[in-house]
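Structure assessment
Take a look at the letters that make up each chain.
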2 protein chains.
Amino acid sequence: MTKPPVHDPRRTLTLRDVSEASGVSEMTVSRVLRNRGDVSVATRERVLEAARSLGYVPNKIAGALASQRVNLVGVVIPSLSNMVFPEVLAGISETLEDTGLQPVVGVTNYSPEREETVIYEMLSWRPSGMIVAGLEHTEAARAMLAQAGIPIVEIMDIDGEAVDSAVGISHRRAGRQMAEAIIASGYRRIAFLGTMMPHDHRARKRLQGFEEALAKAGLTLADQEFYSGGSALLKGREMTEAVLKRSPDIDFLYYSNDMIGAGGLLYCLAQGIDVPGKIGLAGFNGVELLDGLPRRLATMDACRLEIGRRAAEIIAGKHAGTIGGEVIELFPTLQAGDTIRRA
Amino acid sequence: MTKPPVHDPRRTLTLRDVSEASGVSEMTVSRVLRNRGDVSVATRERVLEAARSLGYVPNKIAGALASQRVNLVGVVIPSLSNMVFPEVLAGISETLEDTGLQPVVGVTNYSPEREETVIYEMLSWRPSGMIVAGLEHTEAARAMLAQAGIPIVEIMDIDGEAVDSAVGISHRRAGRQMAEAIIASGYRRIAFLGTMMPHDHRARKRLQGFEEALAKAGLTLADQEFYSGGSALLKGREMTEAVLKRSPDIDFLYYSNDMIGAGGLLYCLAQGIDVPGKIGLAGFNGVELLDGLPRRLATMDACRLEIGRRAAEIIAGKHAGTIGGEVIELFPTLQAGDTIRRA
DNA sequence: CATACGGCTGTTAGCGGTAACATAGCGCAT
DNA sequence: ATGCGCTATGTTACCGCTAACAGCCGTATG
């Protein structure tokens, strides 16, 4: 019923306004609003009422400066548009939720320079921790992270040297594993289709591992095709067509991600090609999308949710006793789906 | 060659450290690092060199408190997992890039309470502006936004009352428009398939507009089906099967988003159903994914990139002369694709 | 009755920068 | 020589909040 005593909107509200409105010191107001220290019930009520009716929103900038504590965790990822990082983020948010920590996302578009800038900007807010995708950074970025004096977790990949902690899978091993499964199923003329991204180190490492395993079996890639930009599903379709026209004797297509793999699968089905009889297919990531396809594409899930969770746990200090520097390797499972012949 | 004089890593670096290392006052260092005010070239060089070799990263918390200026823009969206918001974000980032402003994303999962919390948290960092998806918020959230004294832009939707500015499309009109096109093509037994999300107000408004237009033509929805959770593509497939089994005489399926529409399309094609002859299909959003499908699903693009750009322009103050309170309506275009009969 | 103690509240001194103003040196017209 | 205007730099006073400590009061204790 009482009209809220809207304050002069020109001036920004401070603790002092609340303190005056409730007749106690600023310090007591601060204590009430942070639930810290002893305050009598009566005072607490009065302060909360005053704060609410004024519409007071605390100034975390001042608070952070005074307390030298910031409840922010920087998360630096290359992209938001491919379903993999949103899921990592979900794992992070979920785990951070009940720690009072809040993730702040920065996107680099796979550019090392952009990454350096984003990291610099984030560190300038003095976050409580940083989660950064990948192990490859500019020298300056590594130095900044190392000097920051906060927990750093590099995620997704463990094939390399971490600044501090790392949580991820071995992409090299993942590529190797997939190659072994393919070879075991009897395929021999194998092609690779991927993105043209010199900075997608994880895709590169998968391909490396893949080729290593082929070599061990006395094989080499029969063909390869790369793309950049555009609708991944469409590109998968187009690249598949191009490769099959160019190398009609191909019997397996290994895609660097599920989306282009799905495009390829749709193409093959539309062409009436016998999958997995005449041609086998496999992707990477284990995205949910695949469940809706007419046939289940072989893939390997990248433990995205789990990576996010573990990284967040490290930042939140849930691994008590350790002092950073831990490397957690996760192991993706191969889902054979319906696009690889049963061995 | 010179080993970088790594500072005592226990203490955090401040302007004073740089000032001592370069023999000038803190103020001069501050000026150099912000490129503000006149500093001689020699001094600037010396300061930059000192800052670099120390690995100094400015403390924006202190800077923001002192200058009462924060280069952050809060962006509050319901989800990251459906491709639509990442694209809005892309538009925002792109436009903000050369303004010195930086977007900070918060996700609400379509929960009004969560949204309120996220808005509160963001405002407590005193951002320069806020971009919030949708027009429906808790009363407290609206009040906070209104009192914040910064530009607020509500995006995606304009069917309702904005706190300050708004950029979006009329979802009611979009639904109406699609219904009209469907009716004009001769379809009469029309079903709706959508998500079970009481808080997805935009989907609700589209359905409202859709039904209005049906009513005007003397029609009503012949059937409807809702889902929640899981792979949208798969759900689209399953719901389509369910609806077609239940109501075999249906001749059009209107989906609340492209992903379930794509699932439906794949199902129909797999069943050998004549699309768009026997059954027509349409979705909503105009996502890139559709380009890779065997047939192009009819849809309406939601102007996502443009919405992000315009919202960012308002925040960045590029609409000089106006003092907030502007509402920008964008007009989505209907892309008939190959799943509606040519009238 | 003095003493100790715990609950509650207030005071003081920064946190690390920046705005605003003050100052020092210099070239140059008068 | 004088004084003006300009550039380059320094000084002072906060920004809004919190850590640390100090004080007050009532009650339990010896």
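The structure presented is a predicted model; accordingly, all values stated were derived computationally and were not measured. (Residues numbered from 1 in each chain as written. Chains lettered and ligands numbered in written order. Predicted model: local features only at pLDDT ≥ 70, side-chain atom pairs only at ≥ 80, totals over all residues. Heavy atoms only, no water.)

**So, the protein's contact with DNA strand D**
Taken together, 25 residues lie around DNA strand D, and L15(A), S30(A), Y56(A), S25(B) and T43(B) are the ones closest in. For DNA strand D, the backbone portion of the atoms within 4 Å of the protein, that is sugar and phosphate, comes to 69%. Note that a phosphate oxygen of DNA strand D is positioned 3.0 Å from one of the backbone N or O atoms of S40(B). Those elements that place two or more of their residues in the surface near DNA strand D are helix 2 (26–34) and helix 4 (60–67) of chain A together with helix 2 (26–34) and helix 4 (60–67) of chain B. Counting residues per element, the surface near DNA strand D draws most heavily on helix 4 of chain A, which supplies 4 residues. Taken together, the residues of the surface near DNA strand D break down into 10 nonpolar, 11 polar and 4 charged. (Near = heavy atom within 4 Å. Polar contact = N/O pair within 3.5 Å; in protein donor to acceptor, adjacent residues only side chain to side chain. Helix = DSSP H or I, 4+ residues; strand = E, 2+ residues; numbered from the N terminus. Nonpolar A, V, L, I, M, F, W, Y, C, P; charged D, E, K, R; others polar.)

**Structural notes on the side chain of S247(B)**
Residues and elements named next belong to chain B. Along the chain, S247 turns up in the loop between helix 10 (232–246) and strand 8 (252–255). Overall, the relative accessible area of 9% leaves S247 in the buried class. Only 2.7 Å separates the side chain of S247 from the side chain of D223, close enough to count as a polar contact. (Buried < 20%, exposed > 50% of the residue type's maximum accessible area, 1.4 Å probe, protein only.)

**So, the pairing of strand 4 (residues 152–157) of chain B**
All names here are of chain B. Among the 6 residues of strand 4, 6 are classified as buried, and the element is accordingly described as predominantly covered. Sheet analysis places strand 3 (residues 129–133) next to strand 4, joined by 4 bridges and oriented parallel. Bridged to A133 within strand 4 is I155. One crossover worth recording links strand 3 to the parallel strand 4 by way of helix 7 (residues 139–147), and it is right-handed. (Pairing = 2+ DSSP bridges. Right-handed = clockwise from strand over helix to strand, strands pointing away.)

**Concerning helix 6 (residues 112–123) of chain A**
The end-to-end C-alpha separation of helix 6 of chain A is 16 Å, in line with the 16 Å expected for 12 residues at 1.5 Å each. Inspection of helix 6 of chain A places E115(A), V118(A), I119(A), E121(A), M122(A) and L123(A) among the buried residues, and these make up the whole buried set. Taken together, the buried residues of helix 6 of chain A touch strand 1 (72–77), strand 2 (102–107), strand 3 (129–133) and helix 7 (139–147) of chain A together with helix 4 and strand 2 (102–107) of chain B. (Expected span 1.5 Å × (residues − 1). Contact = heavy atoms within 4.5 Å.)

**Things to note about the pairing of strand 3 of chain B**
One face of the sheet, then the other: side chains in a regular strand alternate in exactly this way. Residues and elements named next belong to chain B. Burial analysis of strand 3 places 5 of its 5 residues in the buried class, which makes it a mostly covered element. The two faces of strand 3 match: G129, I131 and A133 on one face and M130 and V132 on the other face are all buried. One ladder, built from 4 bridges, connects strand 1 (residues 72–77) with strand 3; its direction is parallel. Within the sheet, the bridge partner assigned to V73 lies in strand 3 and is G129.

**Considering the sheet that holds strand 7 (residues 223–227) of chain B**
Residue and element names in this part refer to chain B. Pairing is parallel in the open sheet, where 4 strands are placed in the order 7-6-8-9. Each of the sheet's edge strands pairs with one partner strand only, and the pair in question is strand 7 and strand 9 (280–282). Strand after strand, the sheet turns through a mean of 15° between neighbouring axes, direction not considered. Of the pairings in the sheet, the one linking strand 6 (residues 190–195) to strand 7 comprises 5 bridges and is parallel in character. Along strand 7, the bridge assignment pairs L193 with E225. Strand contacts of helix 10: strand 6, strand 7 and strand 8, with the helix running at about 150° to strand 7, the strand carrying the most contacts. (Axes fitted to C-alpha atoms, helices over the stretch in contact; angles between N-to-C directions.)

In short, the description is geometric, and any link to function would need to be established separately.
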